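A look at the structure
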Amino acid sequence: MGARPAPLLIFGAVFAAAFVLAALGYFSLRRWEAAAELQLHGQARDTAMMAAEKVEMAVVRAEQDAIAALQAAALAPDFGPAAVEAWKAGHPLFNAAYVLDRQGRLLYPVVWTRDEAELIGALRAEISQGFWDRGGRRHVEAGGHVILAAVIPGSSRGPLLVGLRRDDQALHRDVLEKALGGTEGQGALAILDGSGRPVFSSRPIDRVEPILTVPFGEALPAWRVALYQPAGLSPRDMVRRQAMIFMAALALLLLVIAGGLVATYRLVRRESEIARLKSDFVANVSHDLKTPLALIRMFAETLEMDRVPDERRRREYYGVLTRESERLSRLIDNVLDFSRIESGHQRYEIAAGAVEPIVHEVVESFRHPLHQQGFTVDVAIEPDLPDVPLDGDAMKQALANLVDNAMKYSGDRRHLRVAARREGGGVAVEVADEGIGIPIAERERIFEKFYRIGRSETQGRRGSGVGLALVKHIVEAHGGRVTVDGRPGDGSRFTLHLPGLPLPSGERAG
């Protein structure tokens, strides 16, 4: 019954793969031409964006060099109109420059036209006091022109505002020709100004069809890069590329089918392993039930037949009956709680409580078996531990499982240590032994349900394989975590990390 779904899964995977393959082939054939055209537009957009970035970088680099040269000139004590004229001669990309001080007075040019007066006024209005304080540079649209505005600090006249206006002919000659003059390919690349007129093209654009346009950035606002293709260009190469994509998709689909088969095989193996572990679990629980039941029956029959003449011996037998019944109760509680966890019905009544009495109660419940088996126990509890949110019965069960495991796997060195300490705002509870230890590679797996370490020295010991799974579930339900340390032969130390109570409103942890 457990392996029956495997053929259905294989059939479903193969059927789904065949359906996807058929659908992919159908839609690929029907939309072959459209996909090729879409690919062509994608490549065209990449080409146009690269051209726009290339021109933008060239313009920005030229602007940075011009600002740096003007700033160096402004540091001279005799900086004035003559220095600006000399700077203009070395930077033909700009056909006009305007220099203003912090009070808004125009230092250059000495003489200006009415159009320039409007442009200078618009520049003053666009530049805020914050820009004077921050410095840097920005592009301003004023009077139908794009002005590069920059603050130059450190001059003999104080901080200066510089406005530079580009020359379109110099831009064509010194930037566009150099950046895009060597553009190759079947298409034509053109630069359009703010009114849509072409100011540069890599080849004639009278017999071409437009593909797309992309805008520039801040340096050339309202300008665009346009890409054209010759009329009647066939997307044959794009179709071939689409065929390669189709074949790659087919290969990927076959890999998915193979992966599905492998996953199905692993799932079947996993289910078989779970079935084996469940069978071991039933066998172990049956053995653990038989042992205390046999002892309870034997001592109860002895007492019933009045074969214990000594009152001290009779009290000892009563103690055995009590301990074995408690052991039986713990085992039944583990099985029932595990069943509720598996079905999602386990609930905990969590409230603020102290950890110290729980630790003492659990240790006291194991006092006789610990003494009988020759164990020494150290209990170390820090004073004034804070209360933590917990379900007392559940926490006792988790701690009892850890103590029981420590007893079972202690070997010849029979010493246990149970400790509780403050940890941040919460509490950490430790159970440590000096037994056989746990391999590092199996530290995570020991908290899996039904899992038991596959070593020869553990196989003879009783255990259901759900104790540590219960411990992990209980601690995580309390918002905490459980960790384990130790090496084979050096014992193990399990630690329950329990979070503290939430702080009252307005308080913060120290």
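Definitions and cut-offs
- Residues numbered from 1 in each chain as written.
- Predicted model: local features only at pLDDT ≥ 70, side-chain atom pairs only at ≥ 80, totals over all residues.
- Heavy atoms only, no water.
- Helix = DSSP H or I, 4+ residues; strand = E, 2+ residues; numbered from the N terminus.
- Buried < 20%, exposed > 50% of the residue type's maximum accessible area, 1.4 Å probe, protein only.
- Contact = heavy atoms within 4.5 Å.
- Areas by Shrake-Rupley, 256 points an atom, 1.4 Å probe, with all protein chains shown as cover.
- Salt bridge = Lys/Arg side-chain N within 4 Å of Asp/Glu carboxyl O.
- Polar contact = N/O pair within 3.5 Å; in protein donor to acceptor, adjacent residues only side chain to side chain.
- Patch = residues over 30% accessible without salt bridge, like charges linked within 9 Å, V, L, I, M, F, W, Y side chains within 5 Å.
- pLDDT = per-residue confidence, 0-100.
- Axes fitted to C-alpha atoms, helices over the stretch in contact; angles between N-to-C directions.
- Left-handed = near helix turned anticlockwise from the far one by under 90°.
- Nonpolar A, V, L, I, M, F, W, Y, C, P; charged D, E, K, R; others polar.
- Expected span 1.5 Å × (residues − 1).
- Pairing = 2+ DSSP bridges.

Overview of the overall build of the chain
Within the chain one finds 13 helices and 16 strands. Within the chain, the fraction of its 510 residues that count as buried is 39%. Nonlocal contacts in the chain, meaning residues at least 24 apart in sequence, comprise 64% of its contacts between residues at least 6 apart. Accessible surface for the chain amounts to roughly 29,100 Å². Of this, 55% is attributable to carbon and sulfur atoms.

Some details on the environment of Val 484
Assignment of secondary structure puts Val 484 in strand 15 (residues 481-485). Considered as a pair, Val 484 and Phe 494 are 10 residues apart in the sequence and their alpha carbons are 4.5 Å apart. The residues contacting Val 484, other than those within four sequence positions of it, are Ile 438, Arg 443, Ile 446, Phe 447, Arg 493 and Phe 494.

Considering the pattern of salt bridges
Under the defined criterion, the tally for this structure stands at 13 salt bridges. For the salt bridge of Glu 63 with Arg 137, the shortest nitrogen-to-oxygen distance reads 3.1 Å. One end of the pair, Glu 63, is in helix 2 (residues 32-74); the other, Arg 137, is in strand 3 (residues 137-142), and 74 residues separate them in sequence. Here Glu 63 makes a salt bridge to Arg 166, at a shortest N to O gap of 2.6 Å. Taken as a pair, Glu 63 in helix 2 and Arg 166 in strand 5 (residues 160-166) lie far apart in primary sequence, 103 residues in all.

As for the side chain of His 497
Within the secondary structure, His 497 is located in strand 16 (residues 493-498). Within the structure, the side chain of His 497 is placed 2.9 Å from the side chain of Thr 483, a separation counted as a polar contact. Excluding its chain neighbours within four sequence positions, the residues that come into contact with His 497 are Glu 423, Val 427, Ala 428, Val 475, Gly 480, Arg 481 and Thr 483.

A word on a nonpolar patch on the surface
Taken together, the side chains of Leu 252, Leu 255 and Val 256 define a hydrophobic patch exposed on the protein surface, amounting to about 310 Å² of accessible area. Locating Leu 255 in the fold gives a position in helix 7 (residues 236-304).

Thoughts on the confidence of the model for the chain
Averaged over every residue, the pLDDT of the chain is 78; residues scoring 70 or more account for 77%. Note on residues 455-460: pLDDT is under 50 here. Beyond four places in sequence and across chains, it has 12 contacts. Here residues 505-510 is modelled with pLDDT under 50, and outside its nearest four sequence neighbours on either side it reaches two contacts, counting other chains as well.

Topic: the packing of helix 11 (residues 392-408) against helix 13 (residues 467-477)
Contact geometry for helix 11 and helix 13: axes closest at 9 Å, N-to-C directions at 145 degrees. Helix-helix and strand crossings are classified by hand; for helix 11 and helix 13 the assignment is left-handed. Counted together, Ala 394, Met 395, Gln 397, Ala 398, Asn 401, Leu 402 and Asn 405 of helix 11 and Gly 467, Leu 468, Leu 470, Val 471 and Ile 474 of helix 13 form the full contact between these two elements. Class assignment for the residues of the contact of helix 11 with helix 13 results in eight nonpolar, four polar and no charged.

What about helix 6 (residues 168-180)?
Taking 1.5 Å of rise per residue, the 13 residues of helix 6 would be expected to cover 18 Å, yet its terminal C-alpha atoms sit only 16 Å apart, more than 12% below that figure. Within helix 6, the full set of buried residues consists of Ala 170, Leu 171, Val 175, Leu 176, Ala 179 and Leu 180. The N-terminus of helix 6 is capped by Asp 167, whose side-chain oxygen sits 3.2 Å from the backbone nitrogen of Gln 169.

Quick look at the pairing of strand 4 (residues 145-152)
For strand 4, a buried count of seven out of eight residues is recorded, marking the element as mostly surrounded by other parts of the structure. Pairing of strand 3 with strand 4, which is carried by six bridges, proceeds in the antiparallel orientation. Directly across from Arg 137, in strand 4, lies its bridge partner Ala 150. Of the strand pairs in this sheet, strand 4 and strand 5 are connected by six bridges, and their pairing is antiparallel. Pairing of Val 151 across the sheet is with Leu 161, part of strand 5.

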